[in-house]
Amino acid sequence: MAVHPIEYRYFYPEMKQIWTEENKLNTWLKVEAVLAKVHERLGNIPKGAADEIERKSTLDFVKIERVKEIEKEIQHDLMAMVKALTEVCEGDAKNYVHYGATSYDIEDTALALQFRDAIKIIENDLNELKKVLVNQANTHKGTICIGRTHGQHALPTTYGMKFALWATEVQRHLERLD
């Protein structure tokens, strides 16, 4: 049976958490809050509106169930979140939720934040792997083994050299991620 690339069965908890519906919604809300803060700083929205938007831009106020209910009605996931956030904001602040933004301004920014978090987990794991490989390279620098070239036996080498080469490859992966 083929495994889907985003199959949750094979995720570990930290990575799985990044890609949940709740975290996606929460990340959208964080982006909306920052957007309001910047608009307020630039004088585009009244003082205090951003504080109210930020205060209400949490899963404590914007419930995923309400967002899904609105989405069924309007057939637009992100605008359902905007409407749900607008519903919970008080006073003039509700007029400035999503001010000047497109759906993809929010969605792309939030997705980039999720990727950043996922890449951080991958970087940490690669750093741990590199430490293990370097340790094994030091431990086995004198452990001789058959070298191979073109699928055939070649001059002897050491397991330490093999581990060191793998550690170097992991370092290259880390540099590419960076």
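For the structure, check the block above.
None of the values given here were measured: they were computed from a predicted structure. (Residues numbered from 1 in each chain as written. Predicted model: local features only at pLDDT ≥ 70, side-chain atom pairs only at ≥ 80, totals over all residues. Heavy atoms only, no water.)

Topic: the overall build of the protein chain
Right, so step 1: When helices and strands are counted, the protein chain shows seven helices and two strands.
Right, so step 2: When the helices and strands of the protein chain are placed in sequence order, the string is α-α-α-α-α-α-β-β-α.
Right, so step 3: Its C-alpha atoms give the protein chain a radius of gyration of 25 Å, clearly above 16 Å, the size a compact globule of 178 residues would have.
Right, so step 4: Expressed along its principal axes, the backbone C-alpha trace of the protein chain runs to roughly 75 × 40 × 25 Å.
Right, so step 5: When burial is assessed residue by residue, the protein chain has 32% of its 178 residues classed as buried.
Right, so step 6: Pairs at least 24 residues apart make up 58% of the contacts formed inside the protein chain by residues separated by at least 6 positions. (Helix = DSSP H or I, 4+ residues; strand = E, 2+ residues; numbered from the N terminus. Rg over C-alpha atoms; globule rule 2.2 N^0.38 Å. Buried < 20%, exposed > 50% of the residue type's maximum accessible area, 1.4 Å probe, protein only. Contact = heavy atoms within 4.5 Å.)

Notes on the packing of aromatic side chains
Right, so step 1: Evaluated as defined, the whole model comprises three aromatic pairs.
Right, so step 2: When the centroid spacing of 5.3 Å and the interplanar angle of 85 degrees are considered together, the rings of Phe163 and Trp166 count as edge-to-face. Of the two residues, Phe163 and Trp166 both sit in helix α7 (residues 159-177), three residues apart, roughly one turn of that helix.
Right, so step 3: Exposure remark for Phe163: the relative accessible area of 18% places this residue in the buried category.
Right, so step 4: Overall, Trp166 belongs to the partly exposed group, its relative accessible area being 47%.
Right, so step 5: If you follow Lys56 out to its NZ or CZ, it ends over the ring of Phe61, 5.2 Å from the centre. (Phe/Tyr/Trp six-rings, centres within 6.5 Å; stacked < 30°, edge-to-face > 60°. Lys NZ or Arg CZ within 6 Å of the ring centre and 35° of its normal.)

Focus: α7
Right, so step 1: With 19 residues, α7 extends 27 Å from end C-alpha to end C-alpha; this agrees with the ideal 27 Å at 1.5 Å per step.
Right, so step 2: Where α7 is concerned, the buried positions are Gly160, Phe163, Ala167, Val170 and Leu174. An end-on view of α7 places all buried positions within 80 degrees of arc, on one side of the element. Residues Leu165, Glu175 and Arg176 are exposed on α7 and point more than 90 degrees away from its buried face.
Right, so step 3: Those residues of α7 that are buried are in contact with α6 (103-139) and β2 (152-158). (Expected span 1.5 Å × (residues − 1). Arc of directions from axis to C-beta.)

Examining the pairing of strand β1 (residues 144-149)
Right, so step 1: Pairing of β1 with β2 involves five bridges; the strand directions are antiparallel. Paired with Cys145 across the two strands is Thr157, which belongs to β2.
Right, so step 2: What sits between the antiparallel neighbours β1 and β2 is a turn of two residues, in which His150 has the positive phi angle 50 degrees. (Pairing = 2+ DSSP bridges.)

Observations concerning the packing of helix α5 (residues 77-88) against α6
Right, so step 1: Taken N-terminus to C-terminus, the directions of α5 and α6 make an angle of 100 degrees; their axes are 10 Å apart at the nearest point. The pairing of α5 with α6 is recorded here as roughly perpendicular in orientation. Contacts between α5 and α6 pair Asp77, Leu78, Met79 and Met81 from the former with Ser103, Ile106 and Glu107 from the latter.
Right, so step 2: By residue class, the composition of the contact of α5 with α6 is four nonpolar, one polar and two charged. (Axes fitted to C-alpha atoms, helices over the stretch in contact; angles between N-to-C directions. Parallel < 35°, antiparallel > 145°, perpendicular 65-115°, else oblique. Nonpolar A, V, L, I, M, F, W, Y, C, P; charged D, E, K, R; others polar.)

Some details on unusual backbone geometry
Right, so step 1: Notably, His98 is not glycine yet its phi reads approximately 70 degrees, a positive angle.
Right, so step 2: On the secondary structure map, His98 appears in the loop between α5 and α6.
Right, so step 3: Unusually for a residue other than glycine, His150 sits at a positive phi of about 50 degrees.
Right, so step 4: A relative accessible area of 77% means that His150 is categorised as exposed.

Some words on the nonpolar core
Among soluble globular proteins, nonpolar side chains are generally buried collectively.
Right, so step 1: In this structure, Leu25, Trp28, Ile53, Val67, Met81, Leu85 and Ile106 are the most contacted members of the largest nonpolar core, which totals 26 residues.
Right, so step 2: When contributions to this core are tallied by element, the ones reaching two or more residues are α2 (21-41), α3 (49-56), α4 (64-74), α5 and α6.
Right, so step 3: No other element matches α5, which puts six residues into this core.
Right, so step 4: The contact partners of Trp28, leaving out residues within four places of it in the chain, are Asp77, Leu78, Met81, Ile106, Glu107 and Ala110.
Right, so step 5: Counting seven residues, the second largest nonpolar core, distinct from the first, contains Leu133, Ala137, Phe163 and Leu174. (Core = buried A, V, L, I, M, F, W, Y, C linked by side-chain atoms within 4.5 Å.)

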